[in-house]
Amino acid sequence: MAFVISTESDVTDEARRERIFSGEVFCFPPRDSIRAFSEFAWELIEAAFGAHNPLTAHDDLPVEEYVRILGPLKTGFTHHPHSKELLRNVLVDLGADITRTYFDVPKLRAVPPASYLTAGLGYNYTPHRDTWYSSPQCQNNWWAPILGVTDKSCMAFHPEFWQRPTDNSSAQFDAYEWNRSSRRDAALYIKEDPRPHPRLSGQDPGSEVRIVGEVGSILSFSGAQLHATVPNTTGQARFSFDFRTISLDDLIAKAGPPNVDSHSTGTSVRDYLRADTYERVPDEIVALYDEGGSTDGVLVFDPSVLEVT
C-alpha cells in the first residue's frame, strides 16, 4: 500500500495494529495522558540541567559535561516508577488491553545540534528498521515530542522501503552481545560510535517523510518501518521520548508484516513488561522468537550497571 499518515483518534487498538502492520503511520493529536508524560520528562530534564536552559545547554557546556548530565538523566527517566505508570496511562487512554499488552521501558532522547554530538547518548540513528535490532515483527513503535522539535530536528520515514528489502548490516547485530556491552558503554562515545548499530550497506534510503507533531501528540508505527534521526541543524536541542509495545496475541500468532531483510540474532522479547503487572513475557512464548544469539551474551539487560543519581 502507499505510505499513509492517519490522524484518527478513535480507532481501536486492534484495528490500529492491523493498519500499522500494513504500513500506515498514526499521528494521534495531543492527549492529556501524553502531555502528562511529556511534562514529567521535562521536569526531570530541567532538574538535571540545573541553571542551564536544556534547549541551549550545548552552547554553555563542554560536550563531556553534557554527556555526564545525560547519562543519569536518561537512565533515571527510563527506570523511574512513575514513567511506567504514565506509560500505562497512555496505553489505557488509547484503548489497549493492558492485560495483553507488554511494553519495553520508555527511552528519553536528547538530540543537540549535530555539530556538537551525534554519538553515544546523543546517537543520531541512520536509516534502520527496529526489527534489525532483534525485535519481533509485531513490534509497535511510539514516539512523542517534548520540546525543540522542528522539521530540521525530527524523525524521518523512508516509505519507498516499506516491505522492500535493503542491503544492511543486521547480520552483525546480536541482542545478547548488545545487552552485554553496547548498551552499557553508550556514554563512552562522544566523537564516534563504534557499536554495531544495524544500518544500510551503501544503499540510498530514497525519499523521506518528516512528521512534526505538537507536544502531547504521539506517533504509532510498525517497527519494520525504515526510519532515521534527522540531523539537528537548528540552534536548539530536540527532546522526545519513545517506547515500544507488543500484543501477546500478536506474539502468539506471529503477526506483523513479513520479515524482508532482518538477519539479526537473539531476541528483545524478554525486555517487555506486562502493562498491568510488569511481569515478563512467558518463557514458552519467548522461545518462539529466540533464534540464534550469543551463548556468552546477556539475555536481559541489567540497568544496575549504569549510574543513576
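Preceding this section is the structure that the text describes.
In this text, all values refer to a predicted model and were calculated from it rather than measured experimentally.

Caption draft 1: Structural detail: the packing of helix α2 (residues 32-49) against helix α3 (residues 63-78). As a packed pair, α2 and α3 sit with axes 10 Å apart at the nearest point and diverge in direction by 145°. Considering only the axes of α2 and α3, their crossing is right-handed. On α3, the residues that touch Phe37, Phe40, Ala41, Leu44, Ile45, Ala48 and Phe49 of α2 are Tyr66, Ile69, Leu70, Leu73 and Phe77.

Caption draft 2: Geometry of the nonpolar core. Core analysis: the biggest nonpolar cluster contains 57 residues, and Phe49, Tyr66, Phe239 and Val281 have the highest contact counts within it. Not counting chain neighbours up to four residues away, the residues in contact with phenylalanine 49 comprise Pro54, Ala57, Leu61, Tyr66, Ile69, Leu70, Leu73 and Phe239. Core analysis: the next-biggest nonpolar cluster, separate from the first, contains 12 residues, Val25, Cys27, Val149 and Leu219 among them.

Caption draft 3: Summary view of the sheet that holds strand β6 (residues 209-210). The strand order across the open sheet built from three strands is β6-β5-β8, with neighbouring strands paired in antiparallel fashion. Both outer strands of the open sheet, β6 and β8 (227-229), are each paired with one neighbouring strand and no more. Pairing of strand β5 (residues 155-157) with β6, which is carried by two bridges, proceeds in the antiparallel orientation. What sits directly across from alanine 156, in β6, is arginine 210.

Caption draft 4: Spatial organisation of the packing of α2 against helix α4 (residues 81-93). At a minimum axis separation of 8 Å, α2 and α4 run at an interaxial angle of 160°. Looking at the two axes, α2 sits roughly antiparallel to α4. With respect to the hand of their crossing, α2 and α4 are arranged in left-handed fashion. Across the interface between the two elements, Ser33, Ile34, Ala36, Phe37 and Phe40 from α2 touch His82, Ser83, Leu86, Leu87, Asn89, Val90 and Asp93 from α4. Classifying every residue of the contact of α2 with α4 by side-chain character gives seven nonpolar, four polar and one charged.

Criteria and cut-off values
Residues numbered from 1 in each chain as written. Predicted model: local features only at pLDDT ≥ 70, side-chain atom pairs only at ≥ 80, totals over all residues. Heavy atoms only, no water. Axes fitted to C-alpha atoms, helices over the stretch in contact; angles between N-to-C directions. Helix = DSSP H or I, 4+ residues; strand = E, 2+ residues; numbered from the N terminus. Left-handed = near helix turned anticlockwise from the far one by under 90°. Contact = heavy atoms within 4.5 Å. Core = buried A, V, L, I, M, F, W, Y, C linked by side-chain atoms within 4.5 Å. Buried < 20%, exposed > 50% of the residue type's maximum accessible area, 1.4 Å probe, protein only. Pairing = 2+ DSSP bridges. Parallel < 35°, antiparallel > 145°, perpendicular 65-115°, else oblique. Nonpolar A, V, L, I, M, F, W, Y, C, P; charged D, E, K, R; others polar.

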